[in-house]
Amino acid sequence: MFGKDTRTPVSRIALAMSVIVVLALATLQAVKPAADTVLTGPGPLAPVGGAPAGWRGGQIASSAGAPQAVAGATNGVQVGYSSKHVVSRPLREFKPQKAQGQRPHEAEDRSEKIPLVGHTDMADPVMQRAHRSHAVSIAAGTVAGVNFAGIDSDGSGCGCAPPDTDGAVGPTQYVQMVNTAIQVFDKSGNSLAGPVPINVLWTGAGNQCEYNNDGDPVALYDSIANRWLVSQFTASPPYYECIAISETEDAANQPFWAYSFPISVTTFPDYPKFGVWPDGYYMSVNQFTNGQQYAGPAPYVFNRAQMLLGQTASFQTFPPLGPDAAPLMPADFNGTRLPPAGSPNYFVTPAGNNMGIYKYHVDWNTPANSTFTNSANIPVAPWTELCPTTVKCIPQPNTTQKVDGLGDRYMFRLAYRNFGDHESMVINQSVDVGGGHAGVRWYEVRNPGGSASIYQQGTYAPDSDNRWAASVAMDAAGDIAAGYSVSSSSTNPSVRYASRTPSDPLGTLSNETHLVDGGGSQTAPYRWGDYSALTIDPTDDCTFWYTQEYYITTADYGWSTQIGSFKVPNCRPYTPLSVGVYIPLVKR
């Protein structure tokens, strides 16, 4: 993450619900205030679903700027509200500029490494040790699409490492975020807005979201509502999560509802990761008490229905799982078939030698009925932790500096898809395949809502190069792809991807492709990543879009990023059956 100074470390899903959202979006233009209008909260509109306990004529009875326990509740749930939200100016109206007033390079005086308690290193039985091609029917492999440069360290202006490269694809645009900038491209790679400092979206908020530009950004496209979600945190107390929801599918030319959510006065919510779900925007964070001591991961959910209308929004959370728990990752919806009606969101975590699955069921009307439960601990194939005693472990050419292997957590995203006869989620982690050599361990989990199991898993390490910091996703045909960083003592940090089809042998990836080859190494900081993003185009539900960092020339903090798309040829847009609740593909 970026932004820590030396003081801190950092069935039918209710068809009615879909109808309500559509009607709400249709009326939004009539109820939204003019641009730059500031709405202080808890604001004039009662939350969707009724007035909660403490609601008093538009004001919430709470003196604290952080979530509060619900009186009489035995489930431990806490409820909070957006302290303020503003209607931003369109991003295109801000002149491209470097982020200003940033702290210098990210402090490296502490390790963000989180102990994997209960894990036992063992030989990897699912390692893929060789390159392979897809089945004969699609021997040509993936079809490359666009390939263009994203924001670089100069355009970001943060003077930091790592960039926390992230991005998402929409119907006509690609939104990329890095520490501490945002840029909107068309699908040919032409810039439509930015790069500009992320916090310009919160101009007028009058709080940390406006004054701090601290990073750990996330961009997602909500294909259910055709909206963008962009976020970053604040890294000094009081701590906020800053979440902006676009008013339309146009992230460059239309305003955002920019929300400021007070998370805590003393506990730092590090490494926020998001997932879109029909009943909420779900988030995981790593909590640090007093900004220093790891207290464990914690789940959050923000009231999506209210945020899509620009209303004062509530959120719920549960206490952190404790310092022995590894980071969580929430499920992020993909596809055209919604999750089963009433489905909870799923969070996963490395749990010893298992994968822990948690279910978050939110009740917006009666928070005391919300639940966050550990529903399964699924055995996974043995693996060895990457760099358990250091974060400086991935070699590069022409320098003794090694970079972070990120081996203590699952990597962004937990991509969810409902195929009707089964639900699937894919996720990955970086593991040691022998002697400190990094490989990508990826998983497909099926039926997380019932008898969850690992359908397939594999560790991609086909040669002597290190592969790590990956992101995985699945298209409408069930093809899986992974994008990742590659480096070794003879290979400059580069960006590649590989894929598989359902006809390939289980647990294997094929047709590795170079998105961009690096020309240099990172010489000063060790931080790398901290994440990347592989997302699916909502116009065909088949095209993968990936963004990741690399170096054009050897430098301290002079990273670049690349954005590229590709497709597995056999993929076809999903054809809905006669049952279930569907959202249409966006036609462009």
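Residues numbered from 1 in each chain as written. Predicted model: local features only at pLDDT ≥ 70, side-chain atom pairs only at ≥ 80, totals over all residues. Heavy atoms only, no water.

Novice: Before we move on, can you summarise the overall build of the chain with the specific residues and values?
Specialist: Broken down by element type, the chain carries 4 helices and 36 strands. Among the 588 residues that make up the chain, the fraction classed as buried is 65%. (Helix = DSSP H or I, 4+ residues; strand = E, 2+ residues; numbered from the N terminus. Buried < 20%, exposed > 50% of the residue type's maximum accessible area, 1.4 Å probe, protein only.)

Novice: An account of the environment of asparagine 398 is requested, with residue identities and associated values reported.
Specialist: Along the chain, asparagine 398 turns up in the loop between β25 (384–385) and β26 (411–418). Residue asparagine 398 is classed as exposed on the basis of its relative accessible area of 77%. Placed 94 residues apart in sequence, asparagine 398 and asparagine 492 show a C-alpha to C-alpha distance of 9.0 Å.

Novice: Would you mind going over the state of the cysteines in detail, with residue names and values included?
Specialist: Applying the stated criterion to the full structure yields 4 disulfides. Cysteine 158 shares a disulfide with cysteine 160; S-S distance 1.9 Å. An S-S torsion of about -55° defines the bridge between cysteine 158 and cysteine 160 as left-handed. Each of the two residues, cysteine 158 as well as cysteine 160, counts as buried. Through a disulfide, cysteine 387 is tied to cysteine 393; the S-S separation comes to 2.0 Å. Disulfide cysteine 387 to cysteine 393: torsion about the S-S bond roughly 95°, handedness right-handed. (Disulfide = S-S within 2.5 Å.)

Novice: Help me get a handle on unusual backbone geometry, residues and values and all.
Specialist: Omega for the bond connecting asparagine 179 with threonine 180 falls within 30 degrees of zero, at 0°, which places this linkage in the cis form. As for its placement among the helices and strands, threonine 180 is situated in the loop between β10 (173–178) and β11 (181–186). Residue aspartate 530 is reached from glycine 529 by a cis peptide bond, and omega for that bond is -15°. Summarising the element assignment, aspartate 530 is placed in the loop between β33 (510–516) and β34 (533–536). You will see that cysteine 387, though not glycine, has its phi angle at about 55°, which is positive. Among the structural elements, cysteine 387 can be located in the loop between β25 and β26. By relative accessible area, cysteine 387 is classed as buried at 10%. Residues other than glycine seldom take positive phi values, yet leucine 406 does so here, at roughly 55°.

Novice: Run through the pairing of strand β5 (residues 78–81), naming residues and quoting values.
Specialist: With 2 bridges connecting them, strand β4 (residues 68–69) and β5 associate as antiparallel partners. By the bridge assignment for β5, glutamine 68 is matched with valine 79. The pairing of β5 with strand β20 (residues 314–317) spans 4 bridges and is classified as antiparallel. In the sheet register, glutamine 78 faces β20, and the bridge partner there is threonine 317. (Pairing = 2+ DSSP bridges.)

Novice: How would you summarise the sheet that holds strand β36 (residues 560–567) if you had to cite specific residues and measurements?
Specialist: Strands sit in the order β8-β36-β35-β34 across an open sheet of 4 strands; the sheet is antiparallel. Across the chains shown, the open sheet's two edge strands, defined by having one partner strand only, are β8 (143–149) and β34. Mean inter-strand twist for the sheet, computed between neighbouring axes without regard to direction, equals 20°. Pairing between strand β35 (residues 544–550) and β36: 7 bridges, direction antiparallel. For glutamine 548, the partnering residue across the bridge sits in β36 and is glutamine 562. (Axes fitted to C-alpha atoms, helices over the stretch in contact; angles between N-to-C directions.)

Novice: Which residues make up the sheet that holds β5, and what values do they have?
Specialist: The pairing of strands in a sheet happens through backbone hydrogen bonds and is either parallel or antiparallel. Pairing is antiparallel across the open sheet formed by 6 strands, whose spatial order is β4-β5-β20-β19-β18-β17. Edge strands, defined here as strands with exactly one partner in the open sheet, are β4 and β17 (267–277).

Novice: Would you mind going over the confidence of the model for the chain in detail, with residue names and values included?
Specialist: The predicted model of the chain averages 87 in pLDDT, with 84% of residues at 70 or higher. Contacts from residues 2–64, a stretch scored under 50 in pLDDT, to residues over four places away or in other chains number 143 contacts. Counted against residues more than four places away or in other chains, residues 101–105, with its pLDDT under 50, gives 18 contacts. (pLDDT = per-residue confidence, 0-100. Contact = heavy atoms within 4.5 Å.)

Novice: Please set out the nonpolar core residue by residue, giving values where relevant.
Specialist: Within the largest apolar cluster, 86 residues are counted, with the highest numbers of intra-cluster contacts made by Phe261, Phe302, Met307, Val348 and Met355. Setting aside its immediate chain neighbours within four residues, methionine 355 contacts Val348, Thr349, Ala376, Asn377, Ile378, Val380, Tyr410, Ile427, Tyr443, Val445 and Ile454. (Core = buried A, V, L, I, M, F, W, Y, C linked by side-chain atoms within 4.5 Å.)

Novice: Go over the environment of alanine 461 with me, naming the residues and quoting the values.
Specialist: Tracing the backbone through its elements, the reader meets alanine 461 in the loop between β29 (453–460) and β30 (466–474). Separated by 21 residues in sequence, alanine 461 and valine 440 have C-alpha atoms that sit 6.8 Å apart.

Novice: Kindly report on the packing of aromatic side chains, identifying the contributing residues and their values.
Specialist: The description of an aromatic ring pair rests on the distance of the ring centres and on the angle between the ring planes. According to the stated counting rule, one finds 33 aromatic pairs in the structure shown. A ring pair is formed by phenylalanine 261 and phenylalanine 315, whose centres lie 5.6 Å apart and whose planes are at 85°; its orientation type is edge-to-face. Of this pair, phenylalanine 261 sits in strand β16 (residues 256–264) while phenylalanine 315 sits in strand β20, and the two are 54 residues apart along the sequence. Neither residue differs from the other here; phenylalanine 261 and phenylalanine 315 are each classed as buried. Taken together, the aromatic side chains of Tyr259, Phe261, Phe274, Tyr300, Phe302 and Phe315 make up a single cluster linked through ring pairs. Between the NZ or CZ atom of lysine 273 and the centre of the ring of tyrosine 531, over which it lies, the distance is 3.8 Å. A cation over a ring is seen here: arginine 446 above tyrosine 455, with NZ or CZ 3.5 Å from the ring centre. (Phe/Tyr/Trp six-rings, centres within 6.5 Å; stacked < 30°, edge-to-face > 60°. Lys NZ or Arg CZ within 6 Å of the ring centre and 35° of its normal.)

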